[in-house]
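# Structural features, examined
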There are 2 protein chains.
Amino acid sequence: MKKLISVAFCLCILFGCEKPVTTNSINVNDIAALTQAIKDCKPGDDIIMANGIWKDVQIEFLGNGTKDKPIILRAETPGKVTIEGASNLKLGGSYLIVKNLYFKNGHTPTKNVIQFKIDEKTVAMHCKVTNCVIEEFTQPNRDDTDHWVEFWGRHNELSNCYIAGKSNFGPTIRVRLDGNENVKNYHKIINNHFGPRPRKGGPHGETLQIGDSGTSMTPSHTIVHNNLFDRCNGEVEIISSKSNFNVFTSNVFFESEGSLVLRHGNYAKIDGNVFIGNDNSEFIGGIRVINTGHWITNNYFYKLKGLTFRAPLAVMNGIPKSPLNRYNQVTDVVVAYNTYIDCISPFQFGVGSNVSQSEVLPKSEIRSARAERMILANNLIYNQNPDNYPIVAHDSVDGVLFEKNILNSENKSGVTSGGLIRKDFKMKKLTDNLFVPIENFEDVYRGFDFETIKTDFFGTERSKQNAVGAMIVPVKNRPVLIDKKKYGADWFETEKEAYKPQTLQVSNADELKVQLSKANSGDILALKSGVYTIDKKLIINKNITITSLDINTKAELQFTSDSIAFEMQPKARLQINEVILKGNGNQDAFATLDKNMTKAYDLFLENVELDNFNSVLRVSKGSFADTISVVNSVIKNCNRGFLLNKEINDGGDYNAEFVIIKNTEFTDIKETILDYYRGGYDESTIGGNLVFQNNTVTNSGKLESDQILIKNRGIVNVDFSNNTFKNNPVKLIAVLWGEKDQKPVDNTIENSGKIEVVQNLKLKLMY
Amino acid sequence: MKKLISVAFCLCILFGCEKPVTTNSINVNDIAALTQAIKDCKPGDDIIMANGIWKDVQIEFLGNGTKDKPIILRAETPGKVTIEGASNLKLGGSYLIVKNLYFKNGHTPTKNVIQFKIDEKTVAMHCKVTNCVIEEFTQPNRDDTDHWVEFWGRHNELSNCYIAGKSNFGPTIRVRLDGNENVKNYHKIINNHFGPRPRKGGPHGETLQIGDSGTSMTPSHTIVHNNLFDRCNGEVEIISSKSNFNVFTSNVFFESEGSLVLRHGNYAKIDGNVFIGNDNSEFIGGIRVINTGHWITNNYFYKLKGLTFRAPLAVMNGIPKSPLNRYNQVTDVVVAYNTYIDCISPFQFGVGSNVSQSEVLPKSEIRSARAERMILANNLIYNQNPDNYPIVAHDSVDGVLFEKNILNSENKSGVTSGGLIRKDFKMKKLTDNLFVPIENFEDVYRGFDFETIKTDFFGTERSKQNAVGAMIVPVKNRPVLIDKKKYGADWFETEKEAYKPQTLQVSNADELKVQLSKANSGDILALKSGVYTIDKKLIINKNITITSLDINTKAELQFTSDSIAFEMQPKARLQINEVILKGNGNQDAFATLDKNMTKAYDLFLENVELDNFNSVLRVSKGSFADTISVVNSVIKNCNRGFLLNKEINDGGDYNAEFVIIKNTEFTDIKETILDYYRGGYDESTIGGNLVFQNNTVTNSGKLESDQILIKNRGIVNVDFSNNTFKNNPVKLIAVLWGEKDQKPVDNTIENSGKIEVVQNLKLKLMY
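Conventions we followed
All residue numbers refer to positions counted from 1 along the written sequence of the respective chain. The naming scheme follows written order: chains are lettered A onward, ligands numbered 1 onward. Where totals are concerned, whole chains, interfaces and linings use all residues; where local detail is concerned, this predicted model gives features only for residues with pLDDT of at least 70, and gives and counts side-chain atom pairs only at 80 or more. With hydrogens and water excluded, all non-hydrogen atoms of the structure serve as input to the side-chain values. Helix numbers and strand numbers start at the N terminus; a helix is a DSSP run of H or I with at least 4 residues, a strand a run of E with at least 2. The globule rule used here is 2.2 Å times the number of residues to the 0.38 power, and the radius of gyration it is set against is calculated over C-alpha atoms. We call a residue buried when its accessible area falls under 20% of the maximum for its residue type, exposed when it is over 50%, and partly exposed in between, using a 1.4 Å probe and counting protein chains only. The contact definition used throughout considers only heavy atoms, calling two residues in contact when any of these lie within 4.5 Å. The pairing criterion for strands is at least two bridges between them, as found by DSSP. Inter-axis angles, ranging from 0 to 180 degrees, are taken between N-to-C directions of lines fitted to C-alpha atoms, where helices are fitted over the stretch in contact. Starting at the helix axis, one direction is taken to each C-beta atom, and the arc is that of these directions. Pairs of N or O atoms within 3.5 Å make up the polar contacts considered here, provided that, within protein, one atom can donate a hydrogen while the other can accept it, and that residues adjacent in sequence are counted only when both atoms are side-chain atoms. Here pLDDT means the predictor's own confidence in every residue, given as a number from 0 to 100. Once two parts are brought into contact, the accessible area they lose, counted with a 1.4 Å probe and summed over both, makes up the buried area. Salt-bridge detection follows one rule: a side-chain nitrogen of Lys or Arg within 4 Å of a carboxyl oxygen of Asp or Glu. Any residue outside Ala, Val, Leu, Ile, Met, Phe, Trp, Tyr, Cys, Pro, Asp, Glu, Lys and Arg is labelled polar, Gly included; the first ten of those are nonpolar and the last four are charged. The pairing test for Phe, Tyr and Trp rings, Trp by its six-membered ring, is centres within 6.5 Å, and the orientation test on the planes gives stacked under 30 degrees, edge-to-face over 60, and tilted for anything in between. Only residues with pLDDT of at least 70 in both copies contribute their C-alpha atoms to the least-squares superposition of the copies. Definitions used for this entry: grid spacing 1 Å over protein atoms alone; cavity, a set of points where a 1.4 Å probe fits but cannot get out; pocket, an open set with protein on both sides within 12 Å along at least 5 of 7 lines; lining residue, one with an atom within 4 Å of a point. Grid points are joined across faces, edges and corners, and a volume is the space filled by probe spheres set on the points. What counts as a disulfide here is a pair of cysteine sulfur atoms lying within 2.5 Å.

With that out of the way, let us pick up the overall build of chain A. Scanning chain A from terminus to terminus reveals three helices and 72 strands. The C-alpha radius of gyration of chain A comes to 28 Å, within 12% of the 27 Å expected for a compact globule of 767 residues. Reported as C-alpha extents along the three principal axes, the dimensions of chain A are approximately 75 × 70 × 50 Å. Among the 767 residues that make up chain A, the fraction classed as buried is 63%. Here the contacts in chain A between residues at least 6 apart in sequence split such that 74% fall between residues at least 24 apart.

Right under this line is the structure:
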């Protein structure tokens, strides 16, 4: 805590704690008045937007305040000014402050919601956006690109904001460095709460990106301090640092499915951060290292189970003489005084080594350059259940010096060193997620410049009494690792009270329509036994469960509607249990909107019988299902099964994150059972998950022109086991991807095609 | 001058003007005593090496002084301690000073003469080598690599040294950045005189290289200030800056055949330097720009005639997403307040554009990325004779902003802009090479951060009265651009008095041997008429002219020696005028040593008749002729002509810089007339020069297996004109290289092969 205080104090000294002197309040009620007020603004002005909805407003806040007399633009009451519709805000000039605004129910008509630049000639300097909220202000089409906050200029700040729910293409926050006026920027991104960013199902879903490969040589000096990254699951990079001298201190990464990635650029400082995972997820990562000269110190990693790219510490192999936008070798990186609690194989080296793929990749893609002159020292690794593989070496680790790292499990990893020391020791749980050792291991390695690591995680001086690990004991007071109140806008409540679902009984088709329409998200529609004839598609745009009231005499929905039975709209979460669905052979059982699938949907079928549909699921380009789950069901007499195959531009995107089909019978499906496609050579996503287990497929694939029963081209994680295939007249049941450890397990095949394993898929290069 | 003083003052403040307090003098007479003294040394020690020759000594100066009490190692009398033979010096520790030593008559047995590192664990910090000389301390074999001074560690200094005459492979001075202890080094290279470095005939002949591509991302902060680069002709890069934030201020580049090249790395500062060319040389360059964020200000360019790569300002095209060791795009570079006097086409853009060579080069070698966001402003261009092409655009210059540049010639370059302003104005000559305008052009462009360009070339404040160009007038006092006394070691005289050649008469073969042996370099041997039978090879290891006393009855040398007539040794300069040379058909007329051709040689033949030799000239790998010139001569009845074809490893090296053959008759040469070879794709050299003019070649090439009469593979500059070829039974007379503007002009061909022009040679990639 002391440390937080002293850091805050230092920041205060460094950047000045503005106590703005405002002298002139200007109240504005509409965009015209606001525009005029901005046009006339002068140092000390306090422009106050009237409470209410400001719809379709594009604000250009251009002015020049002074350090002592900034110009302020703010809401009359914090949070009571909502910016909605096709709206955005640009800042240009100097010493401007924007505060207390709430962006929701809309999206930007340009490329940014908040942009620290008016135009090429007018960037912002010493400007601040604070105590604002941007919530689900996302583009209707996932494929459309924008950034919610785009930094230009120098010395700008985003602080105490809550920002969540971006589901379209493009990092949430982007720092731009093209042009001398934007380098050496010392921007501050501090005290924000970055709320959940849903899985995007493709690249370009970072929460923060600083620079890009084209500006990766620039000194950026962006400061990212004391933010909460809360379930930021957009892609494998939560933060993508792509410039030099960026500083990441005292942030909390909470159950975020990705890593802090030093993608381009050098000399990052990563100190005093917290990374929290859980028992379930292999997607929650730590820090991924590429390039030169980074110092990773005093960080605390808890329950991270991420593998390879998502390891707690993933040190990549580089490409020799790498192209500017690919992977430079890791050199001169220091990883010291970190603590890893209950993490699995926290240290992974040679990550991304792909020499074995030389036949399908050009030489300029082969990552064979191992880390050089890297130091791992004074780290503490503790596992309550032994982890005997603290290190995974995907290539030789001859360029890494290990010194005074202490671990409590036996090390069977094969990487041995006098600097990897096993000791029996105990940790003490102080508060939630926070473990510290009972005693200090004071014998530390003192490498070149190590004296610059002055304090521990909590700000205790290392010069007096030093110890291995992020924390020197005793720790004073009762520190709390995550106190959500410390982050985001003070007026905004991020924790909504949980809704208690209601069960609504339904007796006939008309009632079903009415109840579906008036149900709250989360409610359950319980169908009485009987046959329901549905003549119009049912629209799902919230969380709805449809079930039979009596599971022994299931309700049967007979669809006579045109083309679609259930229309899956953005945010739909449809769960159908114990129901029989019958089509007329022409409809698709489930289909998304053709466009504007703003947000992800989910579909769960359990103990469902589906009969006589065209496709079971048909989706549009740009649509994205987080989860599609089919369990204990029967699907028969359909032309096709699940079609998740519309992202065919080979840019790494795909139409669903998790596809789980278990204990289900497919009979008489004329074409493919499943077409689940991801094209392009990209590793920045989970990459799709297919579980196809314990299913029986019979008499299917007769009209399948590609002669493949189940298509999973480019999907990274595939479990294909214990299925039975009978009498399916196809050439191939499926093609699995050997390089991703895919293999068929215990499948029974009778009079069907075969399951092929291809080691290296030929992929289209994206870069 | 004011500026120099204030810069000196600032450096003093920044780095501290040590006034070392020494307390303990230790006199040492030999290496054993020296080694012991070093072993025992403590702060304040003053170790004094006795005057004399210290031969074959490897000194490891390891110690730790303090800022106030450094440890000194010095000569008893400045310059009277010579370090000779296989010797070197390593420094490690801190606050060490070495001074007044003289390295000559030898070479290092390791890779460095002076190395700021003892071993991997012991680098030097705050150490200084000052007032020393390294003169021709060059490796016997040109192909062996070394560096004369290699910087490691931080805060080290090379000052007031004279360093000249390196002719082997490797930069003279090298700053190494591999490892965190070597970055942010703030080394100072100041007040040195870098004397002549001869043409090397291949790459790796830089005078100073800071970093390399593999460390090009590091912050180096090396300071190169107030040095004289005096005819540093090693290769196209006098200085190769390959790291970030290097500073080049107030240096003089005098008639040096190369450029200050920003090869890798970014954000260099190049301010207040002087570049002096002459009327004759197209090889003397200015500044070549690659990468990002450099500021080039207040520099003065005089009489630079360099073309493309060697232009006064050469702005290169980059390779899109360049590999680490190739060419990044130029972005965000500022070139402001420079003055160009009597330079030809000073601004060249798109240099290195090679889209037209796509058929012979891989995509990763194609330089198509033009400069972006570059600013050229407030520059002054003056030509006494109009230069109507101030700009050469090898590609579009759409990414360059021109503002307030003033020139006195009409601009017919095709690149027009309101920022290229023609004015009639006059300049005034103040002192040698120094011209300033009569009046100030005060209307300057004020770009982003331009206020950081605080002073002009002479230190006059720009905030008070500003002007276009490097110098604001009036200039106080009478400034001198180049005062050689300001640079180098104070005890060392770089200007030797010119030797007045003697003419020694020779009557017979014995006398010839004797006189040749005792002649001083520069002397003339005048042969009386008659026939001289020479039974042993004549050794040439100095500057000798052999001529007939009476040109109407020429002396005739008949060689009966084994295998060689004249042996060309290092530093040979042989001029033969008006003499008949006859062989026995077995000797080579001229041949180099087989190895250890330490230094270049020259050969001039004028009005010479050569008859009945094996080869006219045979050379060894590693040998290098600066000039081979044959004029008005007759060469007949030989097996071969000139063989300059031993550098065949395709590393860009070659065996002669200039080959000039004019007005000469070749008759009955059985194989090739000339084989002059340079292999490998490299642009860092002059690239070889062939002038083959007004010659007659008859009855030659009969036994030439390649069927090519004259071979000039890979030679860059070729003039092939006005020759007559008769009855030569070959397929090709020569192959010329179209891309280098080579073409046959006015040759007469009878019953011989043809002259072919190949547009794009297929070259072996070196990188």
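Strands in a sheet are paired, the pairing made by backbone hydrogen bonds, and the direction either parallel or antiparallel. Residues and elements named next belong to chain A. Taking strand neighbours across the sheet as the criterion, the ten strands line up as β45-β46-β49-β52-β55-β58-β61-β64-β67-β70 in an open arrangement whose pairing is parallel. The open sheet is flanked by β45 (503–506) and β70 (744–745), the only strands paired with a single partner. Of the pairings in the sheet, the one linking strand β55 (residues 601–606) to strand β58 (residues 625–631) comprises six bridges and is parallel in character. Note on β58: the bridge partner recorded for L605 is V630. Most of the contacts of helix α3 (residues 509–518) go to β45, to which it runs at about 160°, and overall it touches β45, β46 (524–527) and β49 (543–548).

All right, on to the pairing of strand β43 (residues 427–431) of chain B then. All names here are of chain B. Pairing of β43 with strand β44 (residues 434–437), which is carried by four bridges, proceeds in the antiparallel orientation. The residue bridging T431 from the neighbouring strand is L434, located in β44. The antiparallel pairing of β43 with β44 creates a hairpin that spans two residues between the two strands, and N433 there sits at a positive phi of about 70°.

The α-helix winds at 3.6 residues per turn, so residues separated by three or four positions along the chain end up facing the same way. Residue and element names in this part refer to chain A. When helix α2 (residues 31–40) is considered as a whole, its buried residues turn out to be L34, A37 and I38. Taken around the axis of α2, the buried residues stretch over an arc of 100°, which confines them to a single face. Looking at α2, the residues exposed on the side facing more than 90 degrees away from the buried face are A32 and K39. Of the surrounding elements, those touching the buried residues of α2 are β1 (24–28), β2 (45–49), β3 (52–55), β4 (58–64) and β5 (71–75).

Attention now moves to the pairing of β55(A). Residues and elements named next belong to chain A. Counting buried residues in β55 gives five out of six residues, a clear majority hidden from the surface. Bridge analysis of strand β52 (residues 573–577) against β55 gives five bridges, and the strand direction is parallel. Its bridge partner lying in β55, L574 is registered against L603.

Residues and elements named next belong to chain A. A509, L512, Q515 and L516 are the residues of α3 that are buried. Within α3, the buried residues cover an arc of 125° as seen down the axis, which keeps them to one side. Looking at α3, the residues exposed on the side facing more than 90 degrees away from the buried face are D510, V514, S517 and K518. Of the surrounding secondary structure, the elements contacted by the buried residues of α3 are β45, β46, β47 (530–534), β48 (538–540), β49 and β50 (555–559). The N-cap of α3, judged by a side-chain oxygen 3.1 Å from the amide nitrogen of D510 a few residues on, is N508.

A separate point is the confidence of the model for chain A. Per-residue pLDDT for chain A averages 94, and the proportion of residues at 70 or more is 97%. Taken together, the stretch residues 1–18 of chain A has pLDDT below 50 and engages in 21 contacts with residues farther than four places along the chain or on a different chain.

The extent of an interface is frequently quoted as the accessible surface area lost upon association of the parts. Across the contact, 28 residues belong to chain A and 28 residues belong to chain B. Note on chain A versus chain B: buried area summed over both sides is about 2,200 Å², and carbon and sulfur give 58% of it. Our count for the chain A to chain B interface comes out at two salt bridges. Put simply, R154(A) and D449(B) hold a salt bridge, and the shortest N to O gap is 3.5 Å. Applying the counting rule to chain A against chain B returns eight residue pairs in polar contact (both at pLDDT 80 or more). Among the residues forming the side of chain A that touches chain B, the class breakdown is eleven nonpolar, ten polar and seven charged.

What follows covers the sheet that holds strand β48 (residues 538–540) of chain B. All names here are of chain B. Strand order in the open sheet formed by seven strands is β48-β51-β54-β57-β60-β63-β66, with parallel pairing between adjacent strands. In this open sheet, the two edge strands, each paired with only one partner strand, are β48 and β66 (710–711). The pairing of strand β60 (residues 640–644) with strand β63 (residues 674–676) spans three bridges and is parallel. Within β63, the residue paired with L644 across the bridge is Y676.

Applying the stated rule across the entire model yields 57 aromatic pairs over all chains. Judged by centre distance (5.8 Å) and plane angle (75°), the ring pair of F103(A) and F137(A) falls under edge-to-face. Here F137(A) lies in the loop between β14 (133–135) and β15 (147–151) and F103(A) lies in strand β9 (residues 102–107), a separation of 34 residues in the sequence. Seen in terms of ring centroids, F692(B) and F720(B) are 5.5 Å apart; in terms of plane orientation they differ by 15°. Their pairing is stacked. Highlighted residues: F692(B) in strand β64 (residues 689–693) and F720(B) in strand β67 (residues 717–721), separated in sequence by 28 residues.

Of the transformation superimposing chain A on chain B, the axial component is 0.0 Å and the angular component is 180°, with the fit at an RMSD of 0.1 Å. The relationship between the two copies is best expressed as a two-fold rotation axis. By C-alpha distance to the rotation axis, the residue of chain A lying nearest is P323(A), at 1.9 Å. Taken as a fraction of all interface residues of chain A, those also at the interface in chain B reach 100%, which identifies the copy contact as same-surface.

Let us look at the pattern of salt bridges. Note on pairing: side chains with opposite charge can pair once their charged atoms come close. Tallied over the full model, the rule gives 88 salt bridges over all chains. Close ionic contact of K496(A) with E135(A) constitutes a salt bridge, the shortest N to O distance being 3.6 Å. A residue pair is termed long-range when its members are at least 10 positions apart, and K496(A) in the loop between β44 (434–437) and β45 and E135(A) in strand β14 qualify at 361 residues. According to the relative accessible area criterion, K496(A) is exposed, its value standing at 57%. A salt bridge links K128(B) to E157(B); the nearest nitrogen and oxygen atoms lie 3.9 Å apart.

It is worth spelling out empty space enclosed by the protein at this point. It is a probe the size of a water molecule, rolled over the atoms, that shows where empty space is left. Scanning the model with the defined rule gives eleven cavities of 30 Å³ or more in all. By volume, the largest cavity is sized at about 330 Å³. For the largest cavity, the lining is made up of 28 residues, of which S216(A), M217(A), L324(A), M217(B) and L324(B) are closest to its centre. Considered class by class, the residues forming the lining of the largest cavity number ten nonpolar, 18 polar and no charged.

We now examine unusual backbone geometry. Glycine aside, the phi torsion of most residues is negative, and most peptide linkages are trans. Residue P474(A) is bonded to the preceding V473(A) through a cis peptide linkage, with omega at 0°. Tracing the backbone shows P474(A) in the loop between β44 and β45. Even without a glycine there, the phi angle at F245(B) is positive, about 65°. Residue placement: F245(B) occurs in the loop between β24 (237–242) and β25 (247–249).

What follows concerns the environment of A164(A). Here A164(A) shows up in strand β17 (residues 162–164). With near-sequence residues (within four places) excluded, A164(A) lies in contact with I134(A), E135(A), E136(A), W148(A), G195(A) and P196(A).

Moving on: the state of the cysteines. Tallying each qualifying case throughout the model produces zero disulfides over all chains. Unpaired in this structure, C343(A) has its nearest cysteine sulfur neighbour in C232(A), at a distance of 19 Å.

Residue and element names in this part refer to chain B. Inspection of the secondary structure assignment puts S256 in the loop between β26 (252–254) and β27 (259–264). Taking the C-alpha atoms as reference points, S256 and M49, separated by 207 residues in sequence, lie 35 Å from one another. Look past the residues within four positions of S256 in its chain and what remains in contact with it is F229, D230, R231, C232, N233, I238, F283, I284 and G285. Within the structure, the side chain of S256 is placed 3.1 Å from the backbone oxygen of F229, a separation counted as a polar contact.

Turning our attention to the environment of N632(B). Residue and element names in this part refer to chain B. With respect to the element layout, N632 can be found in the loop between β58 (625–631) and β59 (634–638). N632 sits in the partly exposed class, given a relative accessible area of 34%. As for N632 and E609, which are separated by 23 residues in sequence, their C-alpha atoms are 9.1 Å apart. Within the local environment of N632, its side chain forms a polar contact with the side chain of N663, the two groups lying 3.4 Å apart.

Residue and element names in this part refer to chain B. Here T249 shows up in strand β25. At 2.9 Å, the side chain of T249 forms a polar contact with the side chain of H225. Ignoring anything within four residues of it in the chain, the contact list for T249 reads V224, H225, N226, K269, D271 and N273.

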